[in-house]
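Architecture and fold: a report
Chain by chain, the residues run as shown.
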Amino acid sequence: MTSHPPPRLLLGPQRPTINLADAIAAAGIRADSIAVVSAGWQEAENDIDDIRAVLDRELTDLCLYGRAEAVFEASADLAGAYRARQARLREQQRLYRLRLRHLATAARSMLRADGDPDMLAAEQRHAIAQLRALDRHHLRRTALTHVEFEDHFAPTAHAELARHRDEIKASMDAADAVLITGGNIIVLLNRMRLFGLADLLADKPVVGWSAGAMVMMERIVLFHDRMPQGKRDAEVLGNGLGLVGGHIVLPDPDRRLQTADRLRIGHMARRFAPDTCVTLASGTAVEFSGKKLKRTDAANALTRNGRIRRLRAA
């Protein structure tokens, strides 16, 4: 019997256009019952009546945020170690951001510089290479921090985590697919890592929108060109769950990207290559079969020349 990789469906924000039900149907995902991860909504977790109305089928929220709070209440040593890990990750992100600011500014200056084309090309490649090296260093540092924590508090070995994980697994086994909503990407990722969901999702159809799409990737990139305090350079947050590779997703580009700024767009495309930067506007859908791009609906990709083109499956 041939085993087919499970589908992974990435969607843009579900406002103003709601395409969740249509996208699931177009992907041919059997989903009479769906397990939901809404931990990114934090205290509003399990407030899924709107989703239930859209999909008109059985939904079971896995309650990862609430489960994590219960585990922290029951296990002081785990709660303390978790807080210490988060403090270390925040400090690592701060130090990375300090270095990133200078390297990103230098790279953009080099991309807009005039001069001998051959000499410029070599310096531009090196400026981008320095950014990539910093991103790789930051990924290694954050990954090490996670490994050190998980070596002591493995979701299958720690008693409280293991109990909740078994209940989560039972709910997921009874569902046809798993839906990951948006919300706070850091909270969402941390709760999913805490209960070891990457392994549980390996053979399951998964649908995610906004932050729920970002968390499925190998690398998570934070970005926002329009902030009250000015533009912020895109920054690597860390490794995602690794359910989809070779792409970086950028939800809500109309609000968060300066798509007309060809220098910034080209800079991002070159920096994160060979991964393809994919924009997920409201109403878009990108379907993967395992880690292979299978189908796209209105999604775009950033290009090295600073343009935005339609993303197409091979």
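The structure reproduced in this document is the subject of the present report. All values reported here derive from a predicted model rather than from experimental measurement.

**Side note on the packing of helix 4 (residues 76-112) against helix 11 (residues 262-272)**
Their axes nearest at 11 Å, the elements helix 4 and helix 11 cross at an angle of 115 degrees. Crossing hand, helix 4 versus helix 11: right-handed. Residues Tyr96, Leu100, Ala104, Ala107, Arg108, Leu111 and Arg112 of helix 4 form the contact with helix 11, whose participating residues are Leu263, Arg264, His267, Arg270 and Arg271. Of the residues contributing to the contact of helix 4 with helix 11, the split by class is six nonpolar, one polar and five charged.

**As for the environment of proline 117**
Tracing the sequence through the fold places proline 117 in helix 5 (residues 117-152). Separated by 103 residues in sequence, proline 117 and isoleucine 220 place their C-alpha atoms 33 Å apart.

**A look at the sheet that holds strand 9 (residues 276-280)**
The sheet built from four strands is open, its strands ordered 8-9-12-13 with mixed pairing. This sheet does not close on itself; its edge strands, each paired only once, are strand 8 (247-251) and strand 13 (308-310). Taken pair by pair, the neighbouring strands of this sheet meet at an average axis angle of 35 degrees, ignoring direction. Two strands pair when backbone bridges link them, and strand 12 (residues 300-302) and strand 13 are joined in this way by three bridges, in the antiparallel orientation. Note that in strand 13 the partner of leucine 302 across the bridge is isoleucine 308. On the sheet, helix 11 packs against strand 8, strand 9, strand 12 and strand 13 and is oriented at approximately 85 degrees with respect to strand 12.

**Considering the sheet that holds strand 4 (residues 177-180)**
The mixed open sheet is built from seven strands, whose spatial order is 3-2-4-5-1-10-11. With one partner strand each, in any of the chains shown, strand 3 (58-61) and strand 11 (292-297) form the two edges of the open sheet. Across the sheet, the axes of successive neighbouring strands diverge by a mean angle of 20 degrees, strand direction being ignored.

**Things to note about the layout of surface pockets**
Estimated volume of the largest pocket: approximately 400 Å³. Along the walls of the largest pocket sit 21 residues, with Gln86, Leu89, Arg90, Ile186 and Leu237 positioned nearest its centre. Breaking the lining of the largest pocket down by element, the ones donating at least two residues are helix 4, helix 5, helix 7 (185-194) and strand 7 (232-239). A class-by-class count of the residues in the lining of the largest pocket yields seven nonpolar, seven polar and seven charged. For the second largest pocket, the calculated volume is near 280 Å³. In terms of lining residues, the second largest pocket is bounded by 14 residues, among which Gly183, Ser210, Ala211, Arg255 and Arg256 are the most central. At the level of elements, helix 9 (211-214), strand 6 (219-224) and helix 10 (253-256) are the ones that each hand at least two residues to the lining of the second largest pocket. Each residue belonging to the lining of the second largest pocket can be placed in one class, and the counts come to six nonpolar, five polar and three charged.

The rules behind the values
Residues numbered from 1 in each chain as written. Predicted model: local features only at pLDDT ≥ 70, side-chain atom pairs only at ≥ 80, totals over all residues. Heavy atoms only, no water. Axes fitted to C-alpha atoms, helices over the stretch in contact; angles between N-to-C directions. Helix = DSSP H or I, 4+ residues; strand = E, 2+ residues; numbered from the N terminus. Left-handed = near helix turned anticlockwise from the far one by under 90°. Contact = heavy atoms within 4.5 Å. Nonpolar A, V, L, I, M, F, W, Y, C, P; charged D, E, K, R; others polar. Pairing = 2+ DSSP bridges. 1 Å grid on protein atoms, 1.4 Å probe; cavity = no way out; pocket = protein on both sides within 12 Å on 5 of 7 lines; lining within 4 Å. Points joined across faces, edges and corners; volume = space filled by probe spheres on them.

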